[in-house]
Amino acid sequence: MSAGYLKTVWGAVISLLALALQPAWAEYGLNMPEGVTPLSRNIYDLHMLIFYICCVIAVVVFGVMFWSIFRHRKSRGVKAAQFHHHTTVEIIWTAIPMIILILMAIPATKSLILIESTGDSDLTIKITGYQWRWHYEYIEEDFGFFSSLAPESNEARQLKSGIDPNEIENYLLEVDNPVVVPVNTKIRFMTTAADVIHSWWVPALGWKRDSIPGFINESWAIIEEEGTYRGQCAELCGRDHAFMPIVLKAVSEDEYYDWAGDMMVAALDADVGADREWAMEELMERGEQVYSTFCVACHQVNGMGIPGAFKPLVGSPITTGPLDGHIDTVMNGVAGTAMAPFGMQLNDVDIASVITYERNSWGNDLGDMVQPSMIADRR
Amino acid sequence: MSYAETHEHHHDDHDHKPTGLGRWLFSTNHKDIGTMYLVFALIMFFIGGAMAMVVRAELFQPGMQYVDPQFFNAMTTMHALVMIFGVIMPAGVGLANWMVPMMIGAPDMALPRMNNMSFWILPFAFTMLLATFFMEGGAPAGGWTMYPPLITQLGDGFPFLIFTVHFLGVSSIMGAINIIATIFNMRAPGMGFMQLPLFVWTWIITAFLLIASMPVLAGAVTMLLTDKYFGTSFFIAAGGGDPVMFQHIFWCFGHPEVYILILPAFGIVSQIIPTFSRKPLFGYESMVYATAAIAFLSFFVWAHHMFTVGMPLAGELFFMYATMSIAVPTGVKVFNWIATMWRGAMTFETPMLFALSFVILFSIGGFSGLMLGITPADFQYHDTYFVVAHFHYVLVTGALFALMAGAYFWLPKWTGHMYDEKLGQLHFWLSVISVNVLFFPQHFLGLAGMPRRIPDYAVQFTEWNMISSVGGFVFGISQLLFVWVIVKCVREGKKADEQVWEGARGLEWTLPSPPPFHTFTIPPKVDEATAHS
């Protein structure tokens, strides 16, 4: 019986040790990635140090325990000793753990001081968490964009979609607009949120930081290798918490400036058309795009919502009621629900077109149009 | 002097018990109330377990196969609430109800009517909580930690969640007051505090933790309620409030809470290991002091649950050092258990098997806990499956395994029958193997980058999730065997004598098995042989 017991426990210990032998196991994703920044390597080394110390302690402590289990059993005819105190031993085994802990605390303190040194950055990116996408704002360059789950993954992740996730490249870890950064540059990330708490995490950078409404947190990274690094939201943020990934592309400085230049031009173009009259077809076409990016997660493709969780838009008193109420709901949200105030996220054209789309789709046929100027008037 | 000698002449007068439904509804008897707590915990264990099965089924492979993500979130949230407040806590109180009066030589709990009420609040509280599944907006799905602003997006179920927490708090505080009043006032003559069995000691400390921490939770959830319905902005940033403040208050309750769950488990294991080693507990005094030290420190480490919210460096350092320091008294306990086994004469009946696996597997949870307490490393570990693996090692193979060890240990005393040893050991081996298949791979998943509380994952996490799910299903089914062993033991089995276990020491083992309805109506005399085991 106890041979079997030993086997089980040794199995556990051996798997723990196997965890340390990375090269052989790397493809199964057994251990923390080493990452590509000074911080991530520092944290990785700290992680391995504590892990090895724990392994040694485990082998010693469990070793003594199993020795006892083997030798001091009634079936071997031993007679139980009756001692129940030994002051010296008790002092020793209180003191030794204290010393080990202090030895662990020294490198941990050094790491922490390094992690919190966010000054002297060359580039600042403000990250805002939304239900359920990220917004990136390049503070110095003055442009920003939303980054949402890529459409292929989004289609495959629907309940009983029938699409095999293994067929999708980077399933759930791909976005429409990745965040692009230069290598070998000290980047300061400022994280905040617009609705609920999220947490921005790219394991290759070595840390995650909560993005919290009303707060701005700071972290930093110097990425030393070009490449694409992926991560996910790490703080439960509602229904689609699992579906707001992060894709970070680290490129050469030249490539980064080309990209940033294009983004700055695109930012100027985005508001084009806000001051003209839009035709119904234009509004409907743009509205469908906006809807399938920002609204579809809750209200669904068919506008029916999810019973008990998210309200339907088909025949609803808001989408088929007075226009004012509809615009108000979209721009200001509904407090205490997952309906966010989209006035902050979307521009005039997007809001006008998506409201037009909602009032004229899935059997809603009010026929009324909302022009961007009507939205501008309300800001 | 044995129990029979002192109680022979008036034995019959006191052993008439009420019958029918009234016996249970209006019970003021610590044994009956203890039984009700334990049966309630067992029922809730299967309800919470069913929710875990839904979670593991959905996570068996990537893609969404069975449930909507919102319902998945409700499953993880409710699983935690049910397991923590409906299983581990009531089971601990149930054992305290049964064993504390018998261990200290008291006739019953000090406040028997309050005892009745603290139990009967529970079924109503959980009915209310489970009813939220049928309400507009569904069951709570924002995590058992109820972080705002997310939790305030919950629909009609929200006030029911808050009032359930209030009910559970009232029940726990009343139970805690009762346990303290009993132990402080009703110990048999000659039984000083340093003669108390360790299970009793851990419950004194747990009871104080309950009284200190439950009101903090009640305050936090009441502020959530007023934020949602009465226009306050305690935690709403737009109104000048602070969402992080909730986390500080919650974990100021939450960290003592984890010791509320584990300290009685320490107590149970400290009863069982000496019994089956046939040797007194090593370092009794240091066990008591270590338990008290853990409880004291538990009030100063809460922010290690929330290192990633962005605290000042000084705060992060303080909470890291404080957290690491808990490893010292915890280590002392583990060393004392091993020293108790050392040069004993051990046998390995089911309670001992569960207790030994507790020592090892809880220690593994302790190691991962130490790793999580190192702030820089926590920036990687936080909110991943590594955390899920950690707290399931300390709560399932820790608290739950100790409760099962306690159930096997005391079942013969409660029922008067020996349980089926073969089936008990089968239950143990199935459980201990499957639980490691279930939770060990989750360490790898977390380190490799899988966040917790997600219903679907990237394909590189498939293999370990499949293995984990298989372990989960086997562990779940194995628990039906536990019910069968209990039912069988209640109905039949070899007659158990007073002593039950060869190495058992303490007042409860001087009583007949099963003990009469009322015990120790005349205080027993405590001597060397009956003092703490």
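Residues numbered from 1 in each chain as written. Chains lettered and ligands numbered in written order. Predicted model: local features only at pLDDT ≥ 70, side-chain atom pairs only at ≥ 80, totals over all residues. Heavy atoms only, no water.

A. Region of the structure containing the overall build of chain B. The helix and strand inventory of chain B stands at 17 helices and zero strands. At 23 Å, chain B has a C-alpha radius of gyration in line with the 24 Å of a compact globule built from 533 residues. Taking contacts inside chain B between residues at least 6 apart in sequence as the whole, the part at least 24 apart equals 82%. With an accessible surface of roughly 16,400 Å², chain B has 71% of that area assigned to carbon and sulfur atoms. (Helix = DSSP H or I, 4+ residues; strand = E, 2+ residues; numbered from the N terminus. Rg over C-alpha atoms; globule rule 2.2 N^0.38 Å. Contact = heavy atoms within 4.5 Å. Areas by Shrake-Rupley, 256 points an atom, 1.4 Å probe, with all protein chains shown as cover.)

B. Quick look at the sheet that holds strand β5 (residues 186-193) of chain A. All names here are of chain A. Taken in spatial order, the five strands line up as β3-β2-β1-β5-β8 in an open sheet, and their pairing is mixed. Each edge of the open sheet carries a strand with a single partner, namely β3 (143-147) and β8 (217-222). With direction set aside, neighbouring strand axes in the sheet form an average angle of 25 degrees. With five bridges connecting them, strand β2 (residues 133-138) and β3 associate as antiparallel partners. By the bridge assignment, W134 is partnered in β3 with S147. Strands in contact with helix α6 (residues 253-270) are β1 (123-130), β2 and β3; relative to β3, the strand with the most contacts, it is inclined by about 90 degrees. (Pairing = 2+ DSSP bridges. Axes fitted to C-alpha atoms, helices over the stretch in contact; angles between N-to-C directions.)

C. Inspection of the nonpolar core at higher detail. Y138 and W200 of chain A together with F85 of chain B are the most contacted members of the largest nonpolar core, which has 278 residues in total. In terms of residues, this core owes the most to one element, helix α5 (residues 69-104) of chain B, which gives 23 residues. Once residues lying within four places of it in the same chain are set aside, the contact partners of W200 of chain A are I127, W134, Y136, F189, T191, L205, W207, K208, R209, I246 and L248 of chain A. Among the nonpolar cores identified, the runner-up in size contains 23 residues, and V330, A340, A352 and I355 of chain A belong to it. (Core = buried A, V, L, I, M, F, W, Y, C linked by side-chain atoms within 4.5 Å. Buried < 20%, exposed > 50% of the residue type's maximum accessible area, 1.4 Å probe, protein only.)

D. Local environment of the confidence of the model for chain B. All names here are of chain B. Here chain B averages 93 in pLDDT, while 96% of its residues score no lower than 70. The low-confidence segment residues 9-13, where pLDDT is below 50, has three contacts with residues more than four positions distant or belonging to other chains. Here the predicted complex carries an ipTM of 0.91, next to a pTM of 0.89. (pLDDT = per-residue confidence, 0-100.)

E. Quick peek at the environment of P101 of chain B. Among the secondary structure elements, P101 of chain B is positioned in helix α5. Along the backbone, P101 of chain B and W509 of chain B are 408 residues apart, and their C-alpha atoms lie at a distance of 12 Å.

F. Structural context of the sheet that holds strand β6 (residues 198-202) of chain A. Residues and elements named next belong to chain A. Read from one edge to the other, the open sheet built from five strands follows the order β4-β10-β9-β6-β7, with strand pairing classed as mixed. Edge strands, defined here as strands with exactly one partner in the open sheet, are β4 (179-182) and β7 (207-211). Strand-to-strand, the axes of this sheet are offset by a mean angle of 25 degrees, without reference to chain direction. Pairing geometry for β6 and strand β9 (residues 227-233), over two bridges, is antiparallel. In the strand pairing of β9, W200 is matched with C233.

G. Looking closely at a nonpolar patch on the surface. All names here are of chain A. Residues M98, I99, I102, L103 and I106 make up a contiguous nonpolar surface patch of roughly 500 Å² in combined accessible area. Tracing the backbone shows L103 in helix α4 (residues 87-115). You can call L103 exposed: its relative accessible area is 54%. (Patch = residues over 30% accessible without salt bridge, like charges linked within 9 Å, V, L, I, M, F, W, Y side chains within 5 Å. Salt bridge = Lys/Arg side-chain N within 4 Å of Asp/Glu carboxyl O.)

H. Representation of the confidence of the model for chain A. The share of residues in chain A with pLDDT of 70 or more is 92%, and the mean pLDDT across the chain is 88. The least confident element of chain A, judged by mean pLDDT, is helix α2 (residues 22-25) of chain A at 44; the most confident is β6 of chain A at 97.

I. The interface of chain B and chain A, seen in detail. Every contact between the two is made by 109 residues of chain B and, on the other side, 102 residues of chain A. Summing the contributions of chain B and of chain A, the shared interface buries around 8,900 Å²; its carbon and sulfur component is 70%. Inspection of the region where chain B meets chain A yields three salt bridges. With a shortest N-O distance of 4.0 Å, R209 of chain A and E316 of chain B are connected by a salt bridge. (Buried area = accessible area lost by both parts, 1.4 Å probe.)

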